[in-house]
Amino acid sequence: MLVVRASGYLFDHQIQYPSWEPKADVLHYWLTDLGIGGVILLGGSAGEVACRCQQLQEWAAIPLFLAADIEEGVGQRFSGATWFPPPLALAGMVQAGTAIEQVQQSAQAMGAWTAQEALAIGLNWVLAPVVDVNNNPQNPVINVRAFGETPELVSQLAMAFIQGAQPYPVLTTAKHFPGHGDTATDSHLDLPIIPHACDRIRNTEYPPFQAAIAAHVDGVMSAHLLIPALDPDYPATLSSKILTGELRQALGFDGLIVTDALVMGAITNQYGANEAAVLAVAAGADVLMMPADPPGAIAAVCDAVEQGRIPIAQIQASVERIWRAKQKITTYEVEDTSYQHAWETHMPLQIDLDRLGTTEARVAATTILKGSNVVHGQITAVPPHARTLIIVDDLLDCEFLSRKAAAIDLPRKRGYQVQILDGNSPEILLTDTGAQPTFLQLFIRGNPFRGSAQLSHTAQAWFEWLLKTDQLQALVIYGSPYALNQFQARLPTEIPYAFSYGQMPLAQALILHQLMAPLG
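Reading the values: the criteria
Residues numbered from 1 in each chain as written. Predicted model: local features only at pLDDT ≥ 70, side-chain atom pairs only at ≥ 80, totals over all residues. Heavy atoms only, no water. Helix = DSSP H or I, 4+ residues; strand = E, 2+ residues; numbered from the N terminus. Rg over C-alpha atoms; globule rule 2.2 N^0.38 Å. Buried < 20%, exposed > 50% of the residue type's maximum accessible area, 1.4 Å probe, protein only. Lys, Arg positive; Asp, Glu negative; His and termini not counted. Charge placed at Lys NZ, Arg CZ, Asp CG, Glu CD. Pairing = 2+ DSSP bridges. Axes fitted to C-alpha atoms, helices over the stretch in contact; angles between N-to-C directions. Contact = heavy atoms within 4.5 Å. Core = buried A, V, L, I, M, F, W, Y, C linked by side-chain atoms within 4.5 Å. Left-handed = near helix turned anticlockwise from the far one by under 90°. Expected span 1.5 Å × (residues − 1). Parallel < 35°, antiparallel > 145°, perpendicular 65-115°, else oblique. Nonpolar A, V, L, I, M, F, W, Y, C, P; charged D, E, K, R; others polar. Salt bridge = Lys/Arg side-chain N within 4 Å of Asp/Glu carboxyl O.

**Student:** I'm lost on the overall build of the chain in this one. Help?
**Tutor:** Helix and strand counts for the chain stand at 17 helices and 14 strands. Relative to the globule expectation of 24 Å for 520 residues, the C-alpha radius of gyration of the chain, 24 Å, shows essentially globular dimensions. Overall, the C-alpha framework of the chain stretches about 75 × 50 × 45 Å when taken along its three principal axes. Counting only residues that meet the buried cut, the chain has 57% of its 520 residues in that class. A gap of 7 Å separates the mean positions of the 28 positive and 49 negative side-chain charges of the chain.

**Student:** Explain the sheet that holds strand β1 (residues 2-7) to me, please; I cannot follow it from the model alone.
**Tutor:** Here we have 5 strands laid out as an open sheet, ordered β4-β3-β2-β1-β8, and parallel in their pairing. The sheet is open, and its two borders are formed by β4 (125-126) and β8 (288-289), each paired with just one other strand.

**Student:** Could you clarify how one ought to interpret the sheet that holds strand β9 (residues 374-376) in this entry?
**Tutor:** Sheets are built from strands paired through backbone hydrogen bonds, the pairs being either parallel or antiparallel. One open sheet accounts for 6 strands, arranged β9-β14-β13-β12-β10-β11; its pairing is mixed. On the outer flanks of this sheet lie β9 and β11 (417-421), each paired with one strand and no other. If you compare each strand with its neighbour and ignore which way they point, the axes differ by 10° on average. Across the sheet, helix α17 (residues 505-515) lies against β9, β12 (438-444), β13 (472-479) and β14 (497-500), angled at about 150° from β13, the strand it touches most.

**Student:** For this particular structure, what's the right way to read the nonpolar core?
**Tutor:** Across soluble globular proteins, nonpolar side chains have a tendency to be buried as a group. Counting 153 residues, the largest nonpolar core has F78, L123 and L401 as the members making the most contacts within it. Counting residues in each nonpolar core, the second largest holds 19 residues, with F65, L127, M221 and M290 among its members.

**Student:** For this particular structure, what's the right way to read the packing of helix α4 (residues 100-120) against helix α13 (residues 359-372)?
**Tutor:** The angle between the axes and the distance between the axes are what describe a pair of packed helices. Axis separation between α4 and α13 bottoms out at 10 Å; the angle between their running directions is 145°. The crossing of α4 and α13 is left-handed. For the pair α4 and α13, the contacting residues are S106, A109, M110, W113 and E117 in the first and E360, A361, A364, T367 and I368 in the second.

**Student:** How should unusual backbone geometry be read in this particular structure?
**Tutor:** It is generally the case that most residues other than glycine have a negative phi and that most peptide bonds are trans. Look at the link from K175 to H176: it is a cis peptide, with omega at 15°. Tracing the backbone through its elements, the reader meets H176 in strand β5 (residues 173-177). Here F177 and P178 are connected by a cis peptide whose omega angle stands at 5°. Of note, P178 is situated in the loop between β5 and α6 (198-204). Its identity is not glycine, yet H385 carries a phi of approximately 65°, on the positive side. As for its position among the elements, H385 is in the loop between β9 and β10 (387-391).

**Student:** I keep staring at helix α15 (residues 457-468) and nothing clicks. Help me out?
**Tutor:** Count 3.6 residues to each turn of an α-helix, and residues three or four apart come out pointing the same way. For α15, built from 12 residues, the straight-helix expectation of 16 Å at 1.5 Å per residue is met to within 8% by its first-to-last C-alpha distance of 16 Å. Inspection of α15 places T458, A459, A461, W462, F463, W465, L466 and L467 among the buried residues, and these make up the whole buried set. Considering only its buried residues, α15 is in contact with β10, β11, β12, β13 and α16 (481-488). Immediately downstream of α15, the backbone of D470 shows phi near 60°, a positive value.

**Student:** I would appreciate a short explanation of the packing of α13 against α17 in the present structure.
**Tutor:** Here α13 crosses α17 at 50°, and the two axes come no closer than 10 Å. Taken together, α13 and α17 sit at an angle that is classed as oblique. Our pair here, α13 against α17, has a crossing hand that is right-handed. Only L506, A507 and L510 of α17 make contact with α13, whose side of the interface consists of R362, A365, T366, L369 and K370. Here the residues of the contact of α13 with α17 are counted per class, giving 5 nonpolar, 1 polar and 2 charged.

**Student:** Hey, could you run me through the pattern of salt bridges in this one?
**Tutor:** When their charged atoms lie close together, side chains carrying opposite charge are able to pair. What the rule picks out here adds up to 16 salt bridges. In this structure, D254 engages R321 in a salt bridge whose closest nitrogen and oxygen atoms are separated by 3.3 Å. Here D254 is found in the loop between α8 (240-250) and β7 (256-258), whereas its partner R321 is found in helix α12 (residues 312-328), with 67 residues between them in sequence. Its relative accessible area of 44% is what places D254 among the partly exposed residues. With a shortest N-O distance of 2.9 Å, D286 and R321 are connected by a salt bridge. Taken together, the positions of D286 in the loop between α10 (273-283) and β8 and R321 in helix α12 put the pair 35 residues apart, joining distant regions of the chain. Per residue, the accessibility class of D286 equals that of R321, and both read buried. Salt bridges sharing common partners tie together R248, D254, D286, R321 and R324.

See below:
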């Protein structure tokens, strides 16, 4: 009933988050002696993760759930695979005039390629789609991860994504129940409170979950939210009124209920690691995702059963659901069909790295990017001494920029000097003297743990200063359409600008080729 986090890298010295990612000997002990049921992976290339998945399955007595937060395709987390734009780009296609049927086809292709590439490296649990309705532009944790801002659109596109993944032996997961779209607080840091009445929640937040259940989604992930109208005492992850009363009974969901990461501040700050695990199981969760202390969580849940806080029948029901899910992700045929637990027999993983980053998958990603791009005007010339100024949140954690990334390489080939800044750059740079035509490129989107969906202070300050000193030649924003709206209000009509939902190199190349006039 536990899924623990581990590094996707193969060696202990590569671990990037030692407080969350155990060393090999500890992880081996958890899998072999404690019977941990799954691992969620982060970090490493797709090839490394394939080796890692093989290693972990060999360690475990019973085949594992191997999960990843790959809401934007496998390449979002593991380099070498296909990286799709965030789901809100599909809503951007609709806004740009693409017929809803075509957008649904793109959502279905996104689900299909995500499932296929997950399988190709040994993953069997896709922690997607996000079915929250992002009806609050200030939302720092959902934001562009949502399929849209209305229940109808989110329902249609979430169903299409699930249907795309359905033919493949992987699990899908709708998240975050009962709906994380209308909050300005990041639950990775603190507990958001949703003040709305029951009717508002059921009419706005529930429909996409109902659609996902109708599409046979395998799991539903809880949200770390306090919703007094549904339960004034406990956040959704720890609430039997919400997980059992609403999700199981009212909506009729009989798949896996999985918690959001239990290490998140919204839970650990108030309830502690082990009591949170007990409360989540008592509330109706089948799977505990990323408990802060796995051995302690196991001991605490066992004690709670012995003390009568959790009925043993409830544990058995959860294990039955886990068995059903693991049967689905068993990819081999069994001669004796009367043996219901055939999945307990290990078989070699069908690793196939040739299925990663195929032309067809990249075309599917390109279709979404092109259909949602916004371009106004064009850069027709590069003035002498012009620069491109690239601003990101944090250069130390920036996977989409490299020496050959299009945002750097294409302007440099056109004659721009390249300057890169992040939120840690000193503001004194704003006192630079002498006019310098500047092509400003901003990478801005809401990200978990950032705590805000607002424009970074650095990006805002530079934009204002370049406008004031008449140095802004052109603008590109990668990521948040809400950031685009804020900048558009101040942008003179004669200044070319462009917007892409994607931040990956493919998105950079596509939007820059549209914005910059051909050479020669």
